[in-house]
Number of protein chains: 2
Amino acid sequence: MADRVSIKDIAKAADTTHSTVSRALRDSPLISDATRERVKRLAREMGYTPNAVAQSLQTNRTNAVGLVVTSIADPFLADVVKGVEEVAQPVGLSVFLNASHNDPNQEIQVIETFHRRRVDGILVASSRIGSNHLDRLARIDVPVVLINSEAGEDSDFLHSVTVDDQTGARQAVRHLIDRGHRRIGYLGVRNRPLSNERRRQGYLDALAEAGIEPQDDWVEIAAPAGIGRDQDVTAAEALTPSLLSAGVTAIFCFNDMVATGVLLACKHQDVRVPDACSVVGFDDIDLARYVTPSLTTVHQLKREMGSIAMQMLHDLIEGKTVQNRVLPPRFVRRESTAPPPRSDA
Amino acid sequence: MADRVSIKDIAKAADTTHSTVSRALRDSPLISDATRERVKRLAREMGYTPNAVAQSLQTNRTNAVGLVVTSIADPFLADVVKGVEEVAQPVGLSVFLNASHNDPNQEIQVIETFHRRRVDGILVASSRIGSNHLDRLARIDVPVVLINSEAGEDSDFLHSVTVDDQTGARQAVRHLIDRGHRRIGYLGVRNRPLSNERRRQGYLDALAEAGIEPQDDWVEIAAPAGIGRDQDVTAAEALTPSLLSAGVTAIFCFNDMVATGVLLACKHQDVRVPDACSVVGFDDIDLARYVTPSLTTVHQLKREMGSIAMQMLHDLIEGKTVQNRVLPPRFVRRESTAPPPRSDA
DNA sequence: TCATGGCGTGCACACGTGTGCACTCTGCTC
DNA sequence: GAGCAGAGTGCACACGTGTGCACGCCATGA
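Here the structure is a predicted model, which is why all the values come from computation and not from measurement.

1. Side note on the protein's contact with DNA strand D
Here's step 1: As a structural note, the neighbourhood of DNA strand D is formed by 25 residues, with A:R26, A:Y48, B:T16, B:R23 and B:Q58 the closest of them.
Here's step 2: B:T16 is positioned with one of its side-chain polar atoms (N or O) 2.3 Å from a phosphate oxygen of DNA strand D.
Here's step 3: Between B:S32 and DNA strand D, the recorded distance is 3.4 Å, taken from a backbone N or O atom to a phosphate oxygen.
Here's step 4: Breaking the surface near DNA strand D down by element, the ones donating at least two residues are α2 (18-25) and α4 (52-59) of chain A together with α2 (18-25) and α4 (52-59) of chain B.

Now the structure itself:
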């Protein structure tokens, strides 16, 4: 009952028209102070709550944005989403959350849904979408900000915020080299091809700088069954023995989940970390501090990525122009790295 | 350009009226097969995407639900949200995600936003809201499902799905007793009072069954600075020494995060787990398998809670009646529990 | 006294879609 | 041949809000 009250009802109660009520509630200077106050008081008393649906239809603005992530249960993305939320809420933007699970059908469906709902902008933290569905995104005619999956040739509606994967990877591997390692492995993933390629390249850069010839059997690329933590861990666990038997004394991992899988595998094989083998992760999710040994890793500004991306999208919606952002990684040394068992000359 | 096409435009192209187009697209039996096909083909060719905003205004259904969580970065809630998503997407419901951070102002604002947007239902995974904002929720006149925070006296619009905290806790503590422990501590949290109280009660039940007199200094209740993982861990870490010096040989923790804090504290104090002290968690988040030693804990059906809650909400929206659900916990034994160091007679 | 101007209000239309009702047309039946 | 049923379509209104424009009123000034 308190629900169904519209500005028309208020108008009736105030003995005026809905136009006046609308203007009074929006503090239009056209309205006299007396009626403005009278209308506002009535609105309060009658328990009026504006109908955002009708407003959207009229103003052609929904004040809603779409957010696609590959998986919500990914702790990395959870932090990103948190950052998004922290900016969206204060500026009055609502967020439609959708997962894509790297499934082409769901990706299409999600974009379609955002279009139908006439969102004012889209945030993508799901690497495949940026590249694969450009045409579909373009048709919506709405600003898009990609997170950790660059904007290809910069079109005028596609923007991005990323971390400098390659530099982060190079720093991490250089640390291992500085500690005396020469035989260093890379354990990557197949289902996030862009980041994986950049981090692998950083790994190769560091080896090259140190004059180390990379060996084929130092590199393994896991193909996790799905998306998210569990699969990364399991897939990495399975591939670790092969790397160890290739004789590496340190393993640089695509992310902390993969590194955790390596830790578990070492535990089962009684390979002591870091004494017998050093391990380095990427992302610096909370987990990195909780495992034993705690993970040396590359810190990403996860929450900041989310909030910066959301701020960019907000600016774009307001018609401002924005600059793409590349955030700096930060190397974090913890307990999972040490010099190699015996120095390899 | 492909955007601004409405059913009126299609009507013009098909040399008919928007009424016919509307009916044709909705497969109304009033329309002849010929025109239906013609309209549908034109709609496709012109790149028509229905305007959900206008549809909502007309039908008084938004096909959107609101989801409030205390924090998105909480791994427990992340799984719940995932379950919600998995049900919502297929049935065509969109999800507005909002965080409350246990902040009364934000809680009010979130509910207000959901009302303005005329969501068809609300999902609450933020314990405080159920009890504190009943009046506000009632005013929206929309079904509400609470997750892990019961529905008080069951009103007709409030429903819930919870886990049986008390039984889970009792099972966990009984396991410790079976292993031979007599001096068992409880490390709880202050900012989730309902669950905390139920788990503490289960702890007391188990002690009572074994004829053990609980001691005041066996129980500590942490007051984490905020919500989510990090604060739980830190707060628990700080309180662990006090429990250890009370002479307990095992600690039952409010959740796995708290347990992780205990593990860290023990590590720093060189107290070996489980040899010198056993530790039990709650929730069975992924982390529980990754720490060393892996955590003995109480498994919760996290994803299922989300999907069941969403299914309930969907049924309620469709006008069906539903039953509140209490999910069974499942005790999981891992590496963090063992008999006490020397048997206390 | 009349023109002028400003202030406050109401009228009417718009946004895009759904739907009850009236209308037209075709073909059939008596 | 008139009447009628039924199928297909269009008209008009509704949903709740925002806004350009015209109107009425009052005060001011010539």
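Structure's up, so let's keep going.
2. Focus on the sheet that holds strand β6 (residues 184-189) of chain A
Residues and elements named next belong to chain A.
Here's step 1: Read across the open sheet, the four strands follow the order β7-β6-β8-β9; overall the sheet is parallel. Whereas interior strands pair on both sides, the edge strands pair on one side only; in this sheet they are β7 (219-222) and β9 (278-280). Going from strand to strand, the sheet's axes swing by 20 degrees on average, the running direction of each strand aside.
Here's step 2: Where β6 and β7 come together, four bridges link them in parallel fashion. The residue of β7 that forms the bridge with V189 is A222.
Here's step 3: Of the strands in this sheet, β6, β7 and β8 (250-253) touch helix α10 (residues 193-209), which is tilted by about 170 degrees from β6.

3. Some thoughts on the relation of the copies chain B and chain A
Here's step 1: Least-squares fitting of chain B to chain A yields an RMSD of 0.0 Å, with the superposition described by an axial translation of 0.0 Å and a rotation of 180 degrees. Those values place the two copies in the arrangement expected of a two-fold rotation axis.
Here's step 2: Counting the interface residues of chain B, we find that 100% of their copies in chain A are interface residues as well, pointing to one common contact surface.

4. Points about the protein's contact with DNA strand C
Here's step 1: Close to DNA strand C lie 25 residues, the nearest being A:T16, A:R23, A:Q58, B:R26 and B:Y48.
Here's step 2: Of all atoms in DNA strand C that approach within 4 Å of the protein, 55% are sugar or phosphate atoms.
Here's step 3: Here a phosphate oxygen of DNA strand C and a side-chain polar atom of A:T16 are 2.3 Å apart.
Here's step 4: B:H18 places a polar side-chain atom, nitrogen or oxygen, 2.9 Å from a base oxygen of DNA strand C.
Here's step 5: Elements supplying a minimum of two residues to the surface near DNA strand C: α2 and α4 of chain A together with α2 and α4 of chain B.
Here's step 6: Residues that form the surface near DNA strand C fall into these classes: seven nonpolar, 15 polar and three charged.

5. Description of the interface of chain B and chain A
Here's step 1: Tallying the contact residues gives 58 residues for chain B and 58 residues for chain A.
Here's step 2: A salt bridge links A:R289 to B:D230; its shortest N-O distance comes to 2.9 Å.
Here's step 3: Where chain B packs against chain A, one counts 27 residue pairs in polar contact (both at pLDDT 80 or more).
Here's step 4: For the side of chain B that touches chain A, the elements supplying multiple residues, two or more each, are α4, α5 (75-88), β2 (94-99), α6 (104-116), α8 (134-140), α11 (229-245), α12 (256-268) and α13 (287-290) of chain B.
Here's step 5: The element that contributes the greatest number of residues to the side of chain B that touches chain A is α6(B), accounting for seven residues.
Here's step 6: Of the residues assigned to the side of chain B that touches chain A, the class counts are 22 nonpolar, 19 polar and 17 charged.

6. A closer look at the domain arrangement of chain A
Here's step 1: Looking at the assigned domains, one finds that chain A contains domain 1 (7-50), domain 2 (62-164 + 302-327) and domain 3 (165-300).
Here's step 2: Its C-alpha centre places domain 1 of chain A at a distance of 37 Å from the equivalent point of domain 2 of chain A.

7. Examining helix α1 (residues 7-14) of chain A
Three or four residues apart is the spacing at which side chains of an α-helix point the same way, because the helix has 3.6 residues per turn.
Residues and elements named next belong to chain A.
Here's step 1: Here α1 has its buried residues at I10, A11 and A14. Seen along its axis, α1 keeps its buried residues to an arc of 105 degrees; they face one direction. Along α1, exposed side chains directed more than 90 degrees from the buried face belong to K8 and K12.
Here's step 2: Against α2 and α3 (33-45) lie the buried residues of α1.

8. Focus: the pairing of strand β3 (residues 121-125) of chain B
All names here are of chain B.
Here's step 1: Of all five residues in β3, five are buried, a share of seventy percent or more.
Here's step 2: Here β3 shows no split at all, with G121, L123 and A125 on one side and I122 and V124 on the other all buried.
Here's step 3: As paired elements, strand β1 (residues 64-69) and β3 share five bridges and run parallel to each other. Within β3, the position partnered with L67 by the bridge is L123.

Quick notes on the rules
Residues numbered from 1 in each chain as written. Chains lettered and ligands numbered in written order. Predicted model: local features only at pLDDT ≥ 70, side-chain atom pairs only at ≥ 80, totals over all residues. Heavy atoms only, no water. Near = heavy atom within 4 Å. Polar contact = N/O pair within 3.5 Å; in protein donor to acceptor, adjacent residues only side chain to side chain. Helix = DSSP H or I, 4+ residues; strand = E, 2+ residues; numbered from the N terminus. Pairing = 2+ DSSP bridges. Axes fitted to C-alpha atoms, helices over the stretch in contact; angles between N-to-C directions. Contact = heavy atoms within 4.5 Å. Least-squares fit on C-alpha atoms with pLDDT ≥ 70 in both. Nonpolar A, V, L, I, M, F, W, Y, C, P; charged D, E, K, R; others polar. Salt bridge = Lys/Arg side-chain N within 4 Å of Asp/Glu carboxyl O. Domains from an automatic or database assignment. Buried < 20%, exposed > 50% of the residue type's maximum accessible area, 1.4 Å probe, protein only. Arc of directions from axis to C-beta.

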